[in-house]
Amino acid sequence: MNGFASPDPSAAGWPPTAETPRAEADVPAGAEVQTGSSALAPPDLSLRSARFRKGREETWTRLERLVVRLEQKGLSSLTVEEAMELPTLYHSELASLAVARSLILDRNLLEYLENLSLRAYLVVYGPRTSLWECLAAFFKTGLPASVRALKWHILATGLLAAFSVLVAFVAVRADPNLFAVFVTDLDDRTYAASAQDLLDGLFLDWRGVKYSFLHFANFLYRNNTMVALNCFGLGFLLGVPTITLIIQNFLILGAFLALYFDKGLFIEFVGWLSIHGVTELSAIVLSGAAGLSIAQAIVVPGESSRLENLRRHGRHAATVMVGVVLMLLAAGILEGCFRQLFSFTILRYLVAIGTAIFWTRYFLSGRQKTNEEADATSAQADASDRQNP
Amino acid sequence: MKRKPQNLVLEAGPPRPPKQPEDLRVIISPEGLPLAVTLASVSARINTFLMDLIFIFIGVELIDALISFFEQDAEDAFHWSSLFSFILVNLYFIFFELAWQGRTPGKTLNGLRVVNRHGGELTPTAVVGRNLTRMVELFLPLQMLFYASETFGFNIYAVIIAVWVSGFAFLPYFQKDHLRLGDLIGGTMVITMPKKKLLPDLSQVFGDSLASGSKPLFAFSAEQLSIYGHQELQALENILRVVENLPTPKATSLVGLKVAAEKIRRRVSFAPPIPEGQELRFLVDFYTALRAVLEKALLFGHYKFNQYFDKPPLSPPRLKTPGSGPKRPLPPQGRMFIRVDRS
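Every chain is numbered on its own, with residues counted from 1 as its sequence reads. Note on labels: chains are lettered from A, ligands numbered from 1, in written order. Whole-chain, interface and lining totals are the exception, using all residues; otherwise, since this is a predicted model, local features are given only for residues with pLDDT of at least 70 and side-chain atom pairs are given and counted only at 80 or more. Hydrogen atoms and water are omitted, and side-chain values are computed over all heavy atoms in the structure.

Chemist: Hey, could you go over the pattern of salt bridges for me, with residue numbers and the actual values?
Modeler: It is possible for side chains of opposite charge to pair when their charged atoms get near one another. In what follows, salt bridge is the name for a side-chain nitrogen of Lys or Arg lying within 4 Å of a carboxyl oxygen of Asp or Glu. Going through the model one piece at a time under the given rule, you end up with 26 salt bridges over all chains. For Arg 173 of chain A, the salt bridge is made with Asp 262 of chain A, and the minimal N-O distance between the two is 2.9 Å. Here Asp 262 of chain A lies in helix α10 (residues 240-262) and Arg 173 of chain A lies in helix α6 (residues 151-174), a separation of 89 residues in the sequence. Here Arg 173 of chain A falls in the partly exposed class, since its relative accessible area comes to 41%. For the salt bridge of Arg 45 of chain B with Asp 183 of chain B, the shortest nitrogen-to-oxygen distance reads 3.0 Å. Of this pair, Arg 45 of chain B sits in helix α1 (residues 42-70) while Asp 183 of chain B sits in helix α8 (residues 181-186); the two residues are 138 residues apart in sequence, bridging distant segments of the chain. Across the pair, exposure class does not vary: Arg 45 of chain B and Asp 183 of chain B are buried alike. Among the charged side chains, a salt-bridge network with shared partners connects Asp 106 of chain A together with Glu 237, Arg 241, Arg 291 and Glu 295 of chain B. Helical segments are the DSSP runs of H or I of at least four residues, strand segments are the runs of E of at least two, and each set is numbered from the N terminus. Between buried and exposed lies partly exposed: a residue is buried under 20% and exposed over 50% of the maximum accessible area for its type, with that area taken using a 1.4 Å probe on protein chains only.

Set out below in structure tokens:
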């Protein structure tokens, strides 16, 4: 005999409530009740779930209405009373769920409560900072702090880039035939070109605002952003393609430096390059560093798991990449417009030095304050990221 | 006493130990209550992504149309639209996931949502991070395949790179939490959260369509109600929910109802035959009585999974927070499971 659910007369109708008569008492006299067994031992048939639901349903629907509004229109759509009511409703909803899980076998009711609790949870513990606060925090502390957090990766990428430039420079100067090896898509700028042609190429005419912004800067920006995003994302392939991309791009730079050096146009070429190059090349180096930090999280996970490491490194890398995209926008405008506008080498150098100072100061800004605070905020962010240690 | 499985409508197949659902995860709310979340399946996510791509495509076409309306010069128009399309493609996901709390239009339509893997707030950094990788996940492999195609001469290196790189796109298939590359960086996961409606209680819903109103017509003994368990109750609930949505004359004359009622009648040894047209009444009465009895048993700590097993399926695995120290056992859930002794 299955000892399950034996009717216990002493426990029948528990909890005792006057307004919920037992089901068999509902049958009016005269109605025919069919029974399947001769020895009739009618069990207690009062539905606990129905009673449970009756008392609480109104609270649930009120909460659901609030949650739907919040999901669609955000926190500002609530009145003060509603905003104050929300936590209370949420807590009573969670209490309902806890009870329902241990008492209720109505699946639809359980699923509804589970669903509503999760939705309410996501709303109640949802993001609380506004877009403007986010942006302000990003520019004020977030970006510089993340760049500084990647300082060793930046150093490594920078050294790699400098080394590539040097190698190409020395190699091409030793043997000009190597120029075509490093620079694969050749244009007019080769050793065959005359110095005058090359010089003219460095000082092109201003072709109007529309061409500069819309055609040239636009193209440069899209192109560079794609390269930077690839540089970053390919960090997942253990960083190998990231390193290759960095080396490849800076070898080209070194080859051109050698070309213009040999033609006696070094000063002019560096001016032509650095007006936007300071911004653009540092952005590329930053994206390479972000890619390397991703690679490091996979290759050398250290104490925590790879997944957790990726999340931690990813936070800084993603912040840096947003900065990179903005820097490339600036670089595109500098290259597309101002390089043609400022057709004097000395002006170009001034702009280059100005941008260099600006970026350095910006990335080092807020350091004294954040040295202690950054630890605190990052610990805080960590804590808010996982409220369930 | 070991029961032999018979030919039953409400049986869970041949007896085998209940399986743990694979796509369930648990986040613990700050109040300490475990909340179950369902991971979005890979196919649902692909579906969603394609829908979003269609929306982006429509957006790009709209931009094109608008620009060609305002800008007469063909070349300028091309540059304008390339710029705005670039911005749209790159900011679409980031914008919507920030503004709509982890949802894009496609995700909203499919009931998917991006959440923090650890149960915390979905930060803007996480949203940006998870969308920065789309370039290498999708556009780079496509670009490489394009280069590898006939147009540029068959390039074996491009093919190799394309195959290598496109491995990213298949990561969700191999990752047990269906995480995409961007989810790894952002510390996020995608869950499915279709809205559930609170339907009327089944014990009361059929009042109008049944001859005897909401009054029960059939009564069952304790022994008859001690056979089935939780799973069969839910199977019966499913049947009744289907019937609930049908118009009244059709509902009472359903053939399936007759079969189900007859099988239950035999299984629980209910002696008198069920009168014609009273099958729905029988099922509703049996459902109500069974639920009442099982719920009461639950109150005393007795849980019965189905007619073969007293043990419930294992509770879903808790989301691991890697690097957070030694594993802790699952917190006690609301329900206590006690094995019923059989004599």
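Chemist: Could you give me a rundown of the side chain of Thr 188 of chain B, with the residues and numbers involved?
Modeler: Residue and element names in this part refer to chain B. Structurally, Thr 188 is set in strand β4 (residues 188-192). Two N or O atoms count as a polar contact when they lie within 3.5 Å, although within protein this holds only if one can serve as hydrogen donor and the other as acceptor, and sequence-adjacent residues are included solely when both atoms are side-chain atoms. Side-chain polar atoms of Thr 188 contact the side chain of Asp 183, separated by 2.7 Å. Setting aside residues no more than four positions away along its own chain, Thr 188 makes contact with Val 114, Val 115, Asn 116, Arg 117, Leu 122, Ala 126, Arg 130, Leu 179 and Asp 183. Should any heavy atoms of two residues lie within 4.5 Å, those residues are considered in contact.

Chemist: If you had to explain a nonpolar patch on the surface to someone new, which residues and values would you point to?
Modeler: On the surface, Leu 131, Trp 132, Leu 135, Phe 139, Leu 326 and Leu 329 of chain A together with Leu 98 of chain B cluster together into a nonpolar patch covering about 670 Å² of accessible area. Of all the elements in the fold, those that place two or more residues in the nonpolar patch are α5 (131-149) and α12 (306-341) of chain A. If you tally residues by element for the nonpolar patch, the top one is α5 of chain A, at 4 residues. Secondary-structure assignment places Trp 132 of chain A in helix α5. Patch definition: residues above 30% relative accessible area lacking any salt bridge, with like charges linked at up to 9 Å and the nonpolar side chains Val, Leu, Ile, Met, Phe, Trp and Tyr linked at up to 5 Å. Residue exposure ignores everything except the shown protein chains as possible cover, and the areas themselves are Shrake-Rupley values with a 1.4 Å probe.

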